[in-house]
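Summary of structural features
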Amino acid sequence: MKQQLSLTLPPEIALDEPELARHLHEKYASSSTESFNYRVLKTSIDARKKQIKVNLDIEVAIDE
């Protein structure tokens, strides 16, 4: 099953590849045995305020 997601995350998660993979797996895979892949389609940084955010468009494939 493929899903396309739009997420807003702090830079500590969004820009750290292992941390992003762990975050996505915890949120979207129902068990640890499921096959889980993702691909970042678009990244943009919102630095208009003091707290910086990263906007990500991600395609997630579970059990494919």
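What counts and how
Residues numbered from 1 in each chain as written. Predicted model: local features only at pLDDT ≥ 70, side-chain atom pairs only at ≥ 80, totals over all residues. Heavy atoms only, no water. Helix = DSSP H or I, 4+ residues; strand = E, 2+ residues; numbered from the N terminus. Buried < 20%, exposed > 50% of the residue type's maximum accessible area, 1.4 Å probe, protein only. Core = buried A, V, L, I, M, F, W, Y, C linked by side-chain atoms within 4.5 Å. Contact = heavy atoms within 4.5 Å.

Thoughts on the overall build of the protein chain
The number of helices and strands found in the protein chain is 2 helices and 3 strands. The helix and strand sequence of the protein chain, counted from the amino end, reads β-α-α-β-β. Projected onto the principal axes, the alpha-carbon positions of the protein chain cover approximately 40 × 15 × 15 Å. Relative to its full complement of 64 residues, the protein chain shows a buried share of 27%.

Some words on the nonpolar core
Ranked by size, the top nonpolar core spans 14 residues in total, and within it Leu9, Leu56 and Ile58 carry the most contacts. Of all the secondary-structure elements, those providing two or more residues to this core are strand S1 (2-9), helix H1 (11-14), helix H2 (17-28) and strand S3 (53-62). Here this core gets 5 residues from one element, more than from any other, and that element is S3. Excluding residues within four positions of it along the chain, Leu9 makes contact with Ala14, Leu20, His23, Lys53, Val54 and Leu56.

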